[in-house]
Amino acid sequence: MKVAEAVGRALYAAGVGQVFGVVGSGNFHLTNAMVAAGSRFVAARHEGGAATMADAYARMSGTVAALSVHQGPGLTNAMTGIAEAAKSRTPLLVLAAEVTEPRSNFYVDQEALARSVGAVSARVTSAEDAVTEALDAVRRAVCERRTVLLNLPLGVQALDVPDALAGESALAVVPPERAPVEPEFADVEALARVLEKSRRPVFVAGRGARSPGARDALVALAERHGALLATSAVARGLFHGDPWSLDVSGGFASPLAAELIQEADLIVGWGCALNMWTMRHGRLIGPDSTVVQVDDDTSALGAHREVHLGVTGDVELTARRALETHDANPQPQQGEQAQQGHRAQQRQQSRQGFRTADIGASIAARVRWRDVPYEDTSTRERIDPRTLSVALDDILPAERVIGVDSGNFMGYPSMYLSVPDENGLCFTQAFQSIGLGLATAIGAALARPDRLPVAALGDGGAMMGAAEFDTVRRLGLPMVVVVYNDDAYGAEVHHFGPDGHPLETVEFPPTDIAAVARGYGFEAVTVRTRVDLKAVEDWLAGPRSAPLLVDAKVVADRGAWWLEEAFRGH
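As the structure is a prediction and not an experimental result, all values here were calculated from the model.

A.B. asks: I'd love a proper account of the overall build of the protein chain, names of residues and values included.
C.D. replies: In terms of regular secondary structure, the protein chain is built from 23 helices and 18 strands. The C-alpha atoms of the protein chain give a radius of gyration of 25 Å, which matches the 25 Å a tight globule of 570 residues would have. Principal-axis analysis of the C-alpha atoms places the extent of the protein chain at approximately 75 × 65 × 45 Å. Burial analysis of the protein chain (570 residues in total) assigns 57% to the buried set. Long-range contacts, defined as pairs at least 24 residues apart, comprise 76% of the intrachain contacts of the protein chain with a sequence gap of at least 6. Carbon and sulfur atoms provide 51% of the accessible area of the protein chain, an area that totals close to 23,000 Å².

A.B. asks: Residue-level account of helix 6 (residues 130-143), with values.
C.D. replies: Over its 14 residues, helix 6 extends 20 Å from the first C-alpha to the last, a length consistent with the 20 Å expected when each residue adds 1.5 Å. For helix 6, the complete set of buried residues consists of Ala 130, Val 131, Glu 133, Ala 134, Leu 135, Ala 137, Val 138 and Ala 141. Buried residues along helix 6 sit in contact with helix 1 (3-13), strand 4 (92-98), strand 5 (120-123) and strand 6 (147-153). Once helix 6 ends, the next one or two residues include Arg 145, with phi positive near 50 degrees.

A.B. asks: Describe the nonpolar core, listing the residues and the values that go with them.
C.D. replies: In globular proteins that are soluble, nonpolar side chains generally tend to be buried together. One finds Leu 67, Ile 82, Leu 438, Met 479, Val 481 and Leu 549 to be the most contacted residues of the largest nonpolar core, which totals 54 residues. Leave out the neighbours within four places in its chain, and Leu 438 touches Ala 455, Leu 457, Gly 465, Glu 468, Phe 469, Val 472, Met 479 and Val 481. Membership of the second largest hydrophobic core comes to 45 residues, among which are Leu 388, Leu 396, Ile 402 and Val 480.

A.B. asks: Now, about the sheet that holds strand 5: what can you tell me, with residues and values included?
C.D. replies: With parallel pairing, six strands are arranged side by side in an open sheet as 2-1-3-4-6-5. Two strands bound the open sheet, and with one partner strand each, they are strand 2 (40-43) and strand 5. Averaged over all pairs of adjacent strands, the angle between strand axes in this sheet comes to 25 degrees, irrespective of strand direction. In this structure, strand 4 lies alongside strand 6, joined through seven bridges in parallel fashion. Within strand 6, the residue paired with Leu 92 across the bridge is Thr 147. The sheet strands contacting helix 3 (residues 47-61) are strand 1 (18-21), strand 3 (65-69) and strand 4, and the helix crosses strand 3 at an angle near 170 degrees.

A.B. asks: Tell me about the sheet that holds strand 10 (residues 266-270), residues and numbers included.
C.D. replies: Here we have six strands laid out as an open sheet, ordered 9-8-7-10-11-12, and parallel in their pairing. Where the open sheet ends on each side, the last strands, each with one partner, are strand 9 (245-248) and strand 12 (309-312). Adjacent strand axes in the sheet meet at a mean angle of 15 degrees when their direction is disregarded. Note: strand 7 (residues 201-205) against strand 10, five bridges, orientation parallel. Following the sheet pairing, Pro 201 is matched in strand 10 by Leu 266. Here helix 10 (residues 212-225) sits on the sheet in contact with strand 7, strand 8 (228-231) and strand 10, set at roughly 170 degrees to strand 7.

A.B. asks: Tell me about helix 17 (residues 437-447), residues and numbers included.
C.D. replies: In terms of burial, helix 17 is largely enclosed, as 11 of its 11 residues are buried. All of the buried residues along helix 17 are Gly 437, Leu 438, Ala 439, Thr 440, Ala 441, Ile 442, Gly 443, Ala 444, Ala 445, Leu 446 and Ala 447.

A.B. asks: An account of the pairing of strand 7 is requested, with residue identities and associated values reported.
C.D. replies: By the criterion of burial, strand 7 is predominantly enclosed, with five of the five residues buried. Side chains Pro 201, Phe 203 and Ala 205 project from strand 7 onto one buried face, and the interleaved Val 202 and Val 204 project onto a second face that is buried too. The pairing of strand 7 with strand 8 spans four bridges and is parallel. Bridge pairing links Val 204 to Ala 230 in strand 8.

A.B. asks: Pulling in residues and values, what's your account of the packing of aromatic side chains?
C.D. replies: A full pass over the atoms with the stated rule returns nine aromatic pairs. Relative to Phe 522, the ring of Phe 469 lies with its centre 5.3 Å away and its plane at 65 degrees, an arrangement referred to as edge-to-face. Here Phe 522 lies in the loop between helix 21 (513-519) and strand 17 (523-527) and Phe 469 lies in helix 19 (residues 469-475), a separation of 53 residues in the sequence. An identical accessibility class is assigned to Phe 469 and Phe 522; each is buried. Taken together through their ring pairs, the aromatic side chains of Trp 369, Tyr 412 and Tyr 416 make up a single cluster.

A.B. asks: I'd like a rundown of the side chain of Ser 414, residues and numbers included.
C.D. replies: Tracing the sequence through the fold places Ser 414 in helix 16 (residues 411-416). Here Ser 414 falls in the buried class, since its relative accessible area comes to 1%. Discounting residues that sit within four places of it in the chain, Ser 414 has contacts with Arg 236, Phe 252, Val 404, Leu 425 and Phe 427.

A.B. asks: Which residues make up the environment of Ile 383, and what are the values?
C.D. replies: Residue position: Ile 383 is located in the loop between helix 14 (357-366) and helix 15 (385-395). Along the primary structure Ile 383 and Leu 533 are separated by 150 residues, whereas in three dimensions their C-alpha atoms are 11 Å apart. Non-local contacts of Ile 383, meaning those with residues more than four positions away in its chain, are made with Ser 378, Leu 388, Val 527, Arg 528, Thr 529, Arg 530, Lys 553, Val 554 and Val 555.

A.B. asks: So what's going on with the pattern of salt bridges? Residues and values would help.
C.D. replies: Throughout the structure, instances matching the rule amount to 33 salt bridges. As a salt-bridge pair, Asp 296 and Arg 178 come within 3.3 Å of each other at their nearest N and O atoms. Of this pair, Asp 296 sits in the loop between strand 11 (290-295) and strand 12 while Arg 178 sits in the loop between helix 8 (163-166) and helix 9 (185-197), and the two are 118 residues apart along the sequence. Residue Asp 296 is classed as buried on the basis of its relative accessible area of 17%. Through salt bridges with shared partners, one network takes in Glu 98, Glu 111, Arg 115 and Arg 123.

A.B. asks: Go over the side chain of Thr 428, please, and point to the residues and values.
C.D. replies: Among the secondary structure elements, Thr 428 is positioned in the loop between strand 14 (425-426) and helix 17. Given a relative accessible area of 0%, Thr 428 falls into the buried group. At 2.7 Å, the side chain of Thr 428 forms a polar contact with the side chain of Thr 440.

A.B. asks: Tell me about unusual backbone geometry, and please be specific about residues and values.
C.D. replies: Of note, the phi angle at Leu 274 is positive, near 55 degrees, even though the residue is not glycine. By secondary structure assignment, the location of Leu 274 is in the loop between strand 10 and strand 11.

Rules used in this analysis
Residues numbered from 1 in each chain as written. Predicted model: local features only at pLDDT ≥ 70, side-chain atom pairs only at ≥ 80, totals over all residues. Heavy atoms only, no water. Helix = DSSP H or I, 4+ residues; strand = E, 2+ residues; numbered from the N terminus. Rg over C-alpha atoms; globule rule 2.2 N^0.38 Å. Buried < 20%, exposed > 50% of the residue type's maximum accessible area, 1.4 Å probe, protein only. Contact = heavy atoms within 4.5 Å. Areas by Shrake-Rupley, 256 points an atom, 1.4 Å probe, with all protein chains shown as cover. Expected span 1.5 Å × (residues − 1). Core = buried A, V, L, I, M, F, W, Y, C linked by side-chain atoms within 4.5 Å. Pairing = 2+ DSSP bridges. Axes fitted to C-alpha atoms, helices over the stretch in contact; angles between N-to-C directions. Phe/Tyr/Trp six-rings, centres within 6.5 Å; stacked < 30°, edge-to-face > 60°. Salt bridge = Lys/Arg side-chain N within 4 Å of Asp/Glu carboxyl O. Polar contact = N/O pair within 3.5 Å; in protein donor to acceptor, adjacent residues only side chain to side chain.

Remember that the coordinates give geometry; whether it matters functionally is a separate question.
Structure, rendered in structure tokens:
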């Protein structure tokens, strides 16, 4: 058995059941070995798309996914998607064939490429150690939540695995999941004291809180202390349906949400970086607010801003320990009946804090962006993106999974389209690259086949990723692709235009993206007014045998509300 086959079999046995990629000569045998063992392979039309599909699949499925690429240009084509995954700490395994001879036209320093974008590099070095080295790469991806590049030199792939080791490749031990980090008792007590003292607490949950167990623990702790609930953009939907949810904190926050967060006397970030996006460069933190951060990675504590208390621990465990600390408040001079009365009184008091009737009514009436009044600037030729997004929110089924590209438009689908839970929005924006949205939606759709996949793109990103329209059609995905088409790179238009700079480099002649999609086998509709969306309703009511693209000609009269925040970080 060759090393390529042994590694492929071992990776499948270790739990790598989903692979994306573009196959060339260098990764041909490895990829086929994984498929023969049982992995599902999805061929993309470009390695960049494959990388983002794998990233999105891993995020939405909670499992490690693999990307398989050819040596040299196969890897360089994928680097933007790999950078996004690495910056997001996605557990992703990149399987790259490698040439080691510098005179080869395929030679690049692949280890340096990985390091430059924050990924971890590993290598298969011998026939004897190949399986062990491959499994170590999987373990590191899973247990350290890292994107790992496993280089597979062509010469090593072709070696024969010793007979005594060949059988072990199919019996690989599945790497353990990352063990939850138990918080220190003293840290939990300190957190409990801060919570007891607070009168206007807000919890902000991030990527590290994206699980049902963490959600339930945070909801219970928030109820105990009268806290309002918010999320970062990547965790949007975690508190969907909770009457005390403010939705997203940061640049996407609605006016009411921002106002209430600024009034908080305590902000607790749960698995959340509290970075410039989530805290609006610190402007959401009041001058007298106490800031606490809980994360299972000590290096993350205070990485983006000073915190008054940092707790190293798993989000769910820390929240539950804080609840237990509250409940275990000793009352040695009292009998059991008196203690029960005291705890009942505590629970009664805990329902106050930020949870007043007036605030509850305000949240119900105007915390959603779609409930914020606006002047509709639609014309006969172009539709206001807010009007478009509100209408789509009403038309599309509630059980949806949304992939969003980057650009001036991105706040509209991200905030106006509701999501059912934390697995309803796949937000690949750590690198802020346009062109990833369609591939994001493909990966998310494959991870969540029970939901209607929706890709929300700008016209720039749609044209960048257009090759993957073929992948959508080939896979038979019943996807709705919505293109917010302003015939420009809108972010640059609205950032530089007010200062009188020439815009010819970022504006384009009108493009019939609906016609482009039909060429790939889509059904397609051009939307200029609300009435044109009847075609979307008809598609939803039909067999959905082909994906649907909505080429929405949107007004381009203003920059999105979040755009100023975005450019502050450049």
